[in-house]
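As a plain string of letters, each chain reads:
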Amino acid sequence: MANHRKEFGKIYDQCINKIYRFIFLKVNSEEIAQDLCSETFLRGWESYKNNSKIDNPSAFLYRIARNLVTDYYREKGRTQFVSPETVAIADPSQEIEEKIAFNSDLDQIKAVLANLKEEYQNVIIWRYLDDLPIPEVAKMMDKTEEATRVTLHRALKALKNELNQGEVKEV
Amino acid sequence: MKLTEKELIGKLYELRQITPQNNWVNFTKTQILGEEPKFTLFPYLKPAFAGFIAVFVLFIGLYGVVKNSIPGDLLYSLRRIAHEGQAVFVPESEKTAFQLKLANDRLEDLAKAPAKNLAPTISEFKANISEAAKNLAKIDATTSDPVVIKKIVEETKKLEENKQKVESLGVVIDGTEQLDNALKQIVDNLVLDLEGRTLNENTQTILAGMKELANEGKYSDALELYLTNQ
């Protein structure tokens, strides 16, 4: 048991930033991101201590996080819509804001990203923010590598189009 | 916002700066996994073993304090018990040298801290000397192992040196007469023994030297000279 705890502690240290960022970019609230992120790791730990043979703990945690975000929007009856203006208001605490030092471009990208469809958000986050290789992204998306590349290309194009239009649309 | 794909990807990389607060990360980890084991010098040791180590360290510390205690100190009784325990295992023939060694230890204690516990230390010294003299009186040097005599001579000479050191610090030590008498007796016996034998030139020279040293009261020197012929 102590060994499992130690192992999961390592997984936690390796994944906490990625999972938090993954959730935060979808909910645009520090408080909600923290709640959902805690819940993700709690559920991850509950599963891990009963079955430590999880092949890819990182993918496993992403799956939990995705489900929790989906549940969050479903339960609240919310549409995943964020404008650049609300991003600034709903942005994390000042401490994080200072640390991140978002400029308006990043605010806009963040807001637009949050309004892309989930598949596009995920592929962009995993590929460019989490720096996962295409084969791993493909596994997480349950697609072929080629299909993943296509999705990534479309996701970037969609993001670029949204930004170029200079407005955020509800997805 | 007009961005090329490359610029857009560059901006996306910048979003990596989004990180949770450290205190939240640590707190959440603790909430989920419980407290991490504290750093310990012996991370794999159970509390019982740690207790054993603590007792061991305490024992070592106590040993150091006891070893350096002098008569009159609270812990000297433990040191004395240890000496008595040691004495049990000392062969009968080496008891004199052992008692002389203890007497030397007392003089060394006095040399280190002449003002400390003076009376009990001197008293202990006298007791050791008395014991040594009693044992010495039982020795027949003519038939004894020269190694035993050699040890006695060494301790006696050391005793004289230590005595001088202590006296130079202003502490007057008496009570060695009993030992001197015992040594004198031994030297006299050896002289008598040699006089009763047919001696070669070398032994005659030794005998003459021994008599001379004995007349000067230098019994340990006389014994040392005797040992050169053994």
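Note that the structure is a prediction, hence the values are computed from the model and not measured.

**What to know about the packing of helix α8 (residues 134-141) of chain A against helix α9 (residues 145-165) of chain A**
Residues and elements named next belong to chain A. Running from N to C, α8 and α9 cross one another at 90°; their axes reach a closest spacing of 9 Å. With respect to each other, α8 and α9 are oriented roughly perpendicular. Every residue of α9 that contacts α8 at Ile134, Pro135, Val137, Ala138 and Met141 is listed here: Glu145, Thr148, Arg149 and Thr151. Class assignment for the residues of the contact of α8 with α9 results in 5 nonpolar, 2 polar and 2 charged.

**Re the interface of chain A and chain B**
Between chain A and chain B, the residue contacts involve 31 residues of the former and 23 residues of the latter. Listed by contribution, the elements that provide at least two residues to the side of chain A that touches chain B are α1 (2-27), α2 (30-50), α5 (94-100), α6 (104-115), α7 (118-129) and α9 of chain A. No other element matches α1(A), which puts 9 residues into the side of chain A that touches chain B.

**So, the nonpolar core**
If you look at the biggest cluster of nonpolar residues, it comprises 44 residues, and the most contacted ones within it are A:Ile19, A:Ile23, A:Ala65 and A:Ile124. Elements represented by at least two residues in this core include exactly α1, α2, α3 (57-76), α6, α7, α8 and α9 of chain A together with α1 (5-14) of chain B. Here the element with the most residues in this core is α1(A); it accounts for 11 residues. Residues from two domains meet in this core; each of domain 1 (1-78) and domain 2 (102-171) of chain A gives at least three. Excluding its chain neighbours within four sequence positions, the residues that come into contact with A:Ala65 are A:Ile19, A:Phe22, A:Ile23, A:Leu36 and A:Thr40. B:Leu102, B:Ala141, B:Leu207 and B:Tyr219 belong to the second-largest nonpolar core, a separate cluster that totals 35 residues.

**A few points about α7(A)**
Its 12 residues give α7(A) an end-to-end C-alpha distance of 15 Å, which sits within 8% of 16 Å, the value for a rise of 1.5 Å per residue. α7(A) sits mainly inside the fold: 10 of its 12 residues count as buried. Buried-residue contacts for α7(A) involve α1, α6, α8 and α9 of chain A together with α1 of chain B. Once α7(A) ends, the next one or two residues include A:Asp131, with phi positive near 60°.

**What about unusual backbone geometry?**
Residue and element names in this part refer to chain A. Even without glycine at this site, Asn28 takes up a positive phi of about 50°. With respect to the helices and strands, Asn28 occurs in the loop between α1 and α2. On the neighbour-count criterion, Asn28 (23 C-beta atoms within 10 Å) is buried.

**Regarding the environment of A:Thr70**
Relative to the helices and strands, A:Thr70 is located in helix α3. Each C-alpha atom of the pair A:Thr70 and A:Lys26 lies 9.8 Å from the other, and the pair is 44 residues apart in sequence.

**Let's talk about α8(A)**
Residues spaced three or four apart along an α-helix point in a common direction, a consequence of the helix completing one turn every 3.6 residues. All names here are of chain A. Of the residues making up α8, those classed as buried are Val137, Ala138 and Met140. Buried residues of α8, viewed axially, fall in a sector of 165°; they line one side. The inward-facing, buried residues of α8 contact α3, α7 and α9. In the stretch just after α8, Asp142 is the one whose phi turns positive, near 60°.

**Observations concerning the confidence of the model for chain A**
All names here are of chain A. Overall, the prediction assigns chain A a mean pLDDT of 81, with 80% of residues at 70 or greater. Low pLDDT, under 50, characterises residues 84-91; the predicted model gives this stretch 13 contacts beyond four residues in sequence or across chains. Below a pLDDT of 50 lies the segment residues 167-171, which in the model reaches 15 contacts outside its immediate sequence neighbourhood of four places, other chains included.

**Section: the environment of B:Ala133**
Residues and elements named next belong to chain B. One can find Ala133 in helix α6 (residues 118-137). Classification of Ala133 by C-beta neighbours within 10 Å gives buried; the count is 22. Excluding residues that lie within four positions of it along the chain, Ala133 makes contacts with Gln178, Leu179 and Ala182.

Here is what the cut-offs are and how they apply
- Positions within a chain are numbered from 1, following the residues in the order the chain's sequence is written.
- Think of it this way: whatever chain is written first is A, whatever ligand is written first is 1, and the rest follow in order.
- With the structure being a predicted model, the display of local features is reserved for residues of pLDDT at least 70 and the display and counting of side-chain atom pairs for 80 or more, all residues being used for whole-chain, interface and lining totals.
- Here the axes come from fitting lines to C-alpha atoms, over the contacting stretch only for helices, and the angles between their N-to-C directions go from 0 to 180 degrees.
- Here a strand is any run of E in DSSP of at least two residues, a helix any run of H or I of at least four, and the numbering for each starts at the N terminus.
- Should an angle fall under 35 degrees it is called roughly parallel, over 145 degrees roughly antiparallel, and 65 to 115 degrees roughly perpendicular, with every other angle called oblique.
- We call two residues in contact when their backbone-placed C-beta atoms lie within 7 Å.
- Under the grouping applied here, Gly and all other residues not named as nonpolar or charged are polar, the nonpolar ones being Ala, Val, Leu, Ile, Met, Phe, Trp, Tyr, Cys and Pro and the charged ones Asp, Glu, Lys and Arg.
- Buried Ala, Val, Leu, Ile, Met, Phe, Trp, Tyr and Cys residues form a nonpolar core when they are connected through C-beta atoms within 7 Å.
- Put simply, a residue is buried when 20 or more other C-beta atoms lie within 10 Å of its own C-beta and exposed when 12 or fewer do; between those, it is partly exposed, and each C-beta is set from the backbone.
- Domain start and stop points were drawn from an automatic or database domain assignment.
- Helix span is expected to be 1.5 Å times the residue number reduced by one.
- Working definition: the arc comes from the directions between the helix axis and the C-beta atoms, pointing outward to the latter.
- Residue-level confidence of the predictor, termed pLDDT, takes values from 0 up to 100.

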